[in-house]
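Listed below are the residues making up each chain.
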Amino acid sequence: MAAVWAGIDSGKRRHHCVVIDVAGRVLLSRRVVNDEAALLELIATVLRVADGADVVWATDLNGGGAALLIALLAERGQQLLYIPDRIIHHAAATYRGDGKTDAKDARIIADQARMRTDLQPVRGGDQISTDLRLLTARRTDLIFDRVRAINRLRATMLEYFPALEAAFDYSKKAPLILVAGYQTPDGIRRIGASRLAAWLKKRGARNPAAFATKAVDAANAQHTTLFTQAMGARLVARLAEQIQAIDADIAQLDEEIATQFEQHPDAPILLSMPGFGVVSAATSLANTGGGDLSAFETVDRLASVAGLAPAPRDSGRTNGNHHRPRRFNRRLMRTCYLAALSSLKNSPASRTFYDRKRAEGKSHKQAVIALARRRMNTLWAMLRDRTSYQEATTPQSTSAPPIAA
């Protein structure tokens, strides 16, 4: 049982620390800059205040501006709990006063750490999983940037050349090559189908002849020049080049992710699971602390962190009312969902389980989430027993996807 609790309201430049005792009395309240020397002095001061008693630290960030503080506490063997900002926001209403200050937030963090028993420790990871967390997070950001750029490109093209916008899927390589060089109806008509096909082939576009013919048909469908064409064409060319640059960055990141991931001892186990590719398996590894299951205690806890364990919301005569938990790792949830969806293509056991859930009246989304939860049990057992996945010869509809003995 700890005797002192230290709450940290973390920020980019500064943190505020409040230390309380078992009765909730404030022993220390201090604002410190996010600097190694200042943080080391703070840790030493808190340990002196504790006077040999155990200290439990708590923070509202588990990365970002709190990364240096987390590392310093871990090096010194200090226990650190994570309190999501949403908990602090709702808890603040139960404390006196309507004002909001960093000192008050730090006091609430310390007090919640003192009273609650359901808070989870900040989970560290090995070097590989830490690198993968940064790489996969960056890849996700680039994917979002790519989607935004494609949407902007299509919206801009609708302003002056709707026929070409409707002709192609601009998430593909060949349409981007085209509009990076030719964006207007008259430009495409002038070059013609044969020369456009040769131009596309030289730049690596697939099936250039059919593609060029389709582009010329779109150009022939519009002979009116809109006032927005000159500026819109320049913006479309710029956006196409931007998307191509993003694609190159993503390809480079994929290589780095693959290089890091293959060095992890859990890589062969994760890749043996149907539905997991290198990127999805690496994302799963990065968001579970490098495959260290001891941090989650049970598979149910891991499923809850992944948002796959429904939380009951019963009241009065309303029973059996289950909803997705409000607090979960959304990247881990997305990875598990997409992996389960992908496994329907090549895993008879997954397909049988999914079909059974649909026959029970579940929607497609509900059935996939149920499958992801069942696969979580299998993955937990695989990592625990250090075994690879092995598909059963005859899938059984009432059992989880099997693993090797």
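Now for a description of the structure that goes with this document. Small disclaimer: the values here were computed from a predicted structure and weren't measured.

### Brief notes about the pattern of salt bridges
Inference 1: Here the structure, examined in full by the defined rule, presents 17 salt bridges.
Inference 2: A salt bridge links arginine 31 to aspartate 102; the nearest nitrogen and oxygen atoms lie 3.1 Å apart. Placement of the pair is arginine 31 in strand S3 (residues 26–33) and aspartate 102 in helix H4 (residues 102–115), with a sequence separation of 71 residues.
Inference 3: Owing to a relative accessible area of 30%, aspartate 102 belongs among the partly exposed residues under this scheme.
Inference 4: Arginine 154 is the partner of glutamate 165 in a salt bridge, and the nearest nitrogen-oxygen pair spans 2.7 Å. Of the two residues, glutamate 165 sits in helix H6 (residues 162–167) while arginine 154 sits in helix H5 (residues 127–158), which places them eleven residues apart along the sequence.
Inference 5: Take glutamate 165: its relative accessible area is 11%, and that puts it in the buried class.

### Section: the side chain of glutamine 183
Inference 1: Mapped onto the elements of the fold, glutamine 183 is located in the loop between helix H7 (173–181) and helix H8 (185–202).
Inference 2: Of the polar contacts made by the side chain of glutamine 183, one reaches the backbone oxygen of alanine 180; its length is 3.4 Å.
Inference 3: Not counting residues within four places of it along the chain, the set of residues in contact with glutamine 183 comprises Tyr160, Phe161, Leu164, Ala233, Val236 and Ala237.

### A few points about the packing of aromatic side chains
Inference 1: Per the counting criterion, the structure on display carries four aromatic pairs.
Inference 2: A ring pair is formed by phenylalanine 168 and phenylalanine 211, whose centres lie 4.1 Å apart and whose planes are at 25°; its orientation type is stacked. Of this pair, phenylalanine 168 sits in the loop between H6 and H7 while phenylalanine 211 sits in helix H9 (residues 208–220), placing them 43 residues apart in sequence. In this structure, phenylalanine 168 and phenylalanine 211 share a single accessibility class: buried.
Inference 3: Taken together, the ring pairs connect Phe168, Tyr170 and Phe211 into an aromatic cluster.
Inference 4: Across the ring face of phenylalanine 276, the terminal group of arginine 375 is positioned such that the distance to the ring centre comes to 5.8 Å.

### Observations concerning the nonpolar core
Buried together is how nonpolar side chains tend to be arranged in soluble globular proteins.
Inference 1: One finds Leu132, Phe261, Leu308 and Met376 to be the most contacted residues of the largest nonpolar core, which totals 48 residues.
Inference 2: Elements that contribute at least two residues to this core include exactly H5, helix H10 (229–261), helix H11 (267–271), helix H12 (278–286), helix H13 (299–305), helix H14 (330–343), helix H15 (348–359) and helix H16 (364–385).
Inference 3: Setting aside residues no more than four positions away along its own chain, leucine 308 makes contact with Ala303, Met333, Cys336, Ile369, Ala372, Arg373 and Met376.
Inference 4: One finds Ala167, Ala218, Leu239 and Ile243 within the second-largest nonpolar core, a separate group that totals 33 residues.

### A short note on H12
Inference 1: For H12, the tally of buried residues reaches seven of nine residues, placing the bulk of the element in the interior.
Inference 2: Buried residues belonging to H12 abut H5, H10, H11 and H14.

### A short note on the side chain of glutamine 222
Inference 1: Mapped onto the elements, glutamine 222 comes out in the loop between H9 and H10.
Inference 2: Of note is the side chain of glutamine 222, whose polar atom sits 3.1 Å from the backbone oxygen of threonine 224.
Inference 3: With near-sequence residues (within four places) excluded, glutamine 222 lies in contact with Tyr160, Phe161, Pro162, Ala163, Pro185 and Arg189.

### Some thoughts on the packing of H15 against H16
Inference 1: Packing of H15 against H16 leaves a shortest axis separation of 9 Å and a crossing angle of 135°. Classified by the angle their axes make, H15 and H16 are oblique. Every pair of crossing elements has a handedness; the one defined by H15 and H16 is right-handed. Taken together, the residues of H16 that come into contact with H15 (itself represented by Ser350, Phe353, Tyr354, Lys357 and Arg358) are His364, Ala367, Val368, Ala370, Leu371, Arg374 and Arg375.
Inference 2: Taken together, the residues of the contact of H15 with H16 break down into six nonpolar, two polar and four charged.

### Thoughts on the sheet that holds S3
Each strand in a sheet pairs with its neighbour through backbone hydrogen bonds, running either in the same direction (parallel) or in the opposite one (antiparallel).
Inference 1: With mixed pairing, the six strands of this open sheet are ordered in space as S3-S2-S1-S4-S5-S6. Whereas interior strands pair on both sides, the edge strands pair on one side only; in this sheet they are S3 and strand S6 (120–121).
Inference 2: Strand direction decides the pairing type here: strand S1 (residues 4–9) and strand S2 (residues 14–21), joined by six bridges, are antiparallel. Residue tryptophan 5 lies in a different strand from S2, and its bridge partner there is isoleucine 20.

### Some details on the environment of arginine 13
Inference 1: For arginine 13, the location among the structural elements is in the loop between S1 and S2.
Inference 2: According to the relative accessible area criterion, arginine 13 is exposed, its value standing at 62%.
Inference 3: When the C-alpha positions of arginine 13 and valine 32 are compared, they lie 8.8 Å apart, and in sequence the two are 19 residues distant.
Inference 4: Excluding anything up to four places from it in sequence, arginine 13 contacts Val33 and Asn34.

Thresholds, definitions, all that
- Residues numbered from 1 in each chain as written.
- Predicted model: local features only at pLDDT ≥ 70, side-chain atom pairs only at ≥ 80, totals over all residues.
- Heavy atoms only, no water.
- Salt bridge = Lys/Arg side-chain N within 4 Å of Asp/Glu carboxyl O.
- Helix = DSSP H or I, 4+ residues; strand = E, 2+ residues; numbered from the N terminus.
- Buried < 20%, exposed > 50% of the residue type's maximum accessible area, 1.4 Å probe, protein only.
- Polar contact = N/O pair within 3.5 Å; in protein donor to acceptor, adjacent residues only side chain to side chain.
- Contact = heavy atoms within 4.5 Å.
- Phe/Tyr/Trp six-rings, centres within 6.5 Å; stacked < 30°, edge-to-face > 60°.
- Lys NZ or Arg CZ within 6 Å of the ring centre and 35° of its normal.
- Core = buried A, V, L, I, M, F, W, Y, C linked by side-chain atoms within 4.5 Å.
- Axes fitted to C-alpha atoms, helices over the stretch in contact; angles between N-to-C directions.
- Parallel < 35°, antiparallel > 145°, perpendicular 65-115°, else oblique.
- Left-handed = near helix turned anticlockwise from the far one by under 90°.
- Nonpolar A, V, L, I, M, F, W, Y, C, P; charged D, E, K, R; others polar.
- Pairing = 2+ DSSP bridges.

The quantities given are spatial measurements derived from coordinates; they are silent on function.
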